[in-house]
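Report on the structure
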Amino acid sequence: RGLVVHALVEFKNKDAAKEAKDSLHGCNIYSDGCTLKVEFARQEQLNVQRNDEKTWDFTKAESSVRKSNPNNSRKVLLAESPPAKDRWAEEEKYDGIKEFKGRNSEEMFDTRSPVMMVYNLDAERFNCQRLFNLLCLYGNIVRINFIRNKEGCAMVEFEHPDSAEEAAYNLSGAEIFGNILSFDESRKGYIEEIRNPYELPDGEKSFENFIGDKNNRFSTPKQAAKNRKCPPSKTLHFYNVPKMEDDSLMDIFSDMHAPFPTSVTWFESRSEKTFTGLVEFDTCEDACEALVVANNTEVENEEADDKRPYIMKLCFSKN
């Protein structure tokens, strides 16, 4: 995913694996970045079929290793040369604001944390999915974890620090469910997997992993280009819904116990399958709460031959 590399490594025994984890977890590959995150995997054994650039079994006979330069006594794991530095200069980040054009260490290894602390959440009505519904407007979400001993506090890991800063900039001071949200950059560079999360007041789990979630909106340049990062307003832009009566659209919000819109405006659509428009609410707080509750909701289309549900997308409108 992006510039993050994941790998599974099987050791001879558990003690060797624990020693490697204790020695490497949290270390930087370079002096100013590339922090290693080492965790125990659920998978207990790897099935490596061949030795190549992506998989390698070090217990196989030496004959399985690729032939290397006879003048070089070291075993060569990869046949190709290291990637050229110019490749990094052309790398584009579509989950952030800027593109990496330079090649100095300050640009390549961002020291800012992609993890943001969110405070003063309504503990009774917020959960991981609802917080995702709010924050996914500003960048891809990796993990969300509610802090057990700090009521109304959650850690949110974004794919990129720029996204974390955008969310904090636009949402600090927003009032949702009667509480004023505040944000602060975390000292941690990532959120660790929680294997046994506790139960939130609404019955949902306190931790959720959103890697590969279909509702992340910045996974490709084409997707990212469609998103507009705006501060809260009392008007929401909706898209990816079938054509329906105004009352039917409003009922989606009321059925989910979200604030009821005051008006609906439909835009002309180039497609006969999906439609877009605006829903307006009495206050900015009502719009925020409606987005938290109803964003990424499945909407059935009873008139279409294809019965697969639509996923209604919501975001704040500039108008």
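All of the points below concern the structure found in this document.

**Side note on the sheet that holds strand 13 (residues 297-299)**
In space, the five strands of this open sheet follow the order 11-12-10-14-13, with antiparallel pairing throughout. Whereas interior strands pair on both sides, the edge strands pair on one side only; in this sheet they are strand 11 (263-266) and strand 13. Each strand of the sheet is rotated relative to its neighbour by a mean of 30°, with strand direction disregarded. Across four bridges, strand 11 lies against strand 12 (residues 275-280) in antiparallel orientation. Bridging across to strand 12, tryptophan 266 finds its partner in glycine 277. Seen against the sheet, helix 8 (residues 284-294) touches strand 10 (235-241), strand 13 and strand 14 (310-316) and runs at an angle of roughly 150° to strand 14.

**Let's talk about helix 5 (residues 161-171)**
Of all the 11 residues making up helix 5, nine are buried; the element is thus mostly covered by neighbouring parts of the structure. Considered for burial, the residues of helix 5 that qualify are Pro161, Asp162, Ser163, Ala164, Glu166, Ala167, Ala168, Asn170 and Leu171. Tucked inside the fold, the buried residues of helix 5 contact strand 3 (115-119), helix 4 (128-135), strand 5 (154-158), strand 8 (182-185) and strand 14. Within two residues after helix 5, glycine 173 carries a phi angle of roughly 90°, on the positive side.

**Side note on unusual backbone geometry**
In the Ramachandran plot, histidine 257 falls in the positive-phi region, its phi being about 60° despite a non-glycine side chain. With respect to the helices, strands and loops of the structure, histidine 257 is situated in the loop between helix 7 (246-255) and strand 11. The phi dihedral of asparagine 296 is positive, around 65°, even though this residue is not glycine. Tracing the chain through its elements places asparagine 296 in the loop between helix 8 and strand 13.

**Here's the deal with the pattern of salt bridges**
Applying the stated criterion across every chain yields a total of eight salt bridges. The residue arginine 125 makes a salt bridge to aspartate 122 at a minimum N-O spacing of 3.3 Å. Overall, the relative accessible area of 11% leaves aspartate 122 in the buried class. Through salt bridges with shared partners, a single ionic network connects Arg112, Asp162 and Glu165.

**Description of the sheet that holds strand 8**
On the basis of which strands lie adjacent, the open sheet formed by five strands has the order 8-3-5-4-9 and antiparallel pairing. Pairing within the sheet leaves two strands with one partner each, and these edge strands are strand 8 and strand 9 (207-209). The average undirected angle you get between the axes of adjacent strands in this sheet is 20°. Two strands pair when backbone bridges link them, and strand 4 (residues 141-146) and strand 9 are joined in this way by three bridges, in the antiparallel orientation. Bridge pairing in strand 9 places isoleucine 144 opposite glutamate 208. Helix 4 rests against strand 4, strand 5, strand 8 and strand 9 of the sheet, and its axis sits at about 135° to strand 4.

**Section: helix 4**
Of all eight residues making up helix 4, six are buried, and the element is well covered by its neighbours. Three or more residues of helix 4 are buried, namely Cys128, Leu131, Phe132, Asn133, Leu134 and Leu135. Here helix 4 starts with a cap whose side-chain oxygen sits 3.1 Å from the backbone nitrogen of glutamine 129, and that cap is asparagine 127.

**Concerning a negative patch on the surface**
On the surface, Glu124, Glu151, Glu199, Asp202 and Glu204 cluster together into a negatively charged patch. Mapped onto the elements of the fold, glutamate 199 is located in the loop between strand 8 and strand 9. Its relative accessible area of 55% is what places glutamate 199 among the exposed residues.

**Quick look at the nonpolar core**
Leu135, Phe146 and Phe316 are the most contacted members of the largest nonpolar core, which totals 57 residues. Here the element with the most residues in this core is helix 8; it accounts for seven residues. Among residues more than four places away in sequence, those in contact with leucine 135 are Ile141, Val156, Phe158, Ala167, Leu171 and Phe183. One finds Val115, Met117, Cys153 and Met155 within the second-largest nonpolar core, a separate group that totals seven residues.

**Comments concerning the state of the cysteines**
As enumerated under the stated definition, the model contains zero disulfides in all. There is no disulfide at cysteine 230, and the cysteine sulfur nearest it, in cysteine 315, is 6.9 Å away.

How each quantity is defined
Residues numbered from 1 in each chain as written. Predicted model: local features only at pLDDT ≥ 70, side-chain atom pairs only at ≥ 80, totals over all residues. Heavy atoms only, no water. Pairing = 2+ DSSP bridges. Helix = DSSP H or I, 4+ residues; strand = E, 2+ residues; numbered from the N terminus. Axes fitted to C-alpha atoms, helices over the stretch in contact; angles between N-to-C directions. Contact = heavy atoms within 4.5 Å. Buried < 20%, exposed > 50% of the residue type's maximum accessible area, 1.4 Å probe, protein only. Salt bridge = Lys/Arg side-chain N within 4 Å of Asp/Glu carboxyl O. Polar contact = N/O pair within 3.5 Å; in protein donor to acceptor, adjacent residues only side chain to side chain. Patch = residues over 30% accessible without salt bridge, like charges linked within 9 Å, V, L, I, M, F, W, Y side chains within 5 Å. Areas by Shrake-Rupley, 256 points an atom, 1.4 Å probe, with all protein chains shown as cover. Lys, Arg positive; Asp, Glu negative; His and termini not counted. Charge placed at Lys NZ, Arg CZ, Asp CG, Glu CD. Core = buried A, V, L, I, M, F, W, Y, C linked by side-chain atoms within 4.5 Å. Disulfide = S-S within 2.5 Å.

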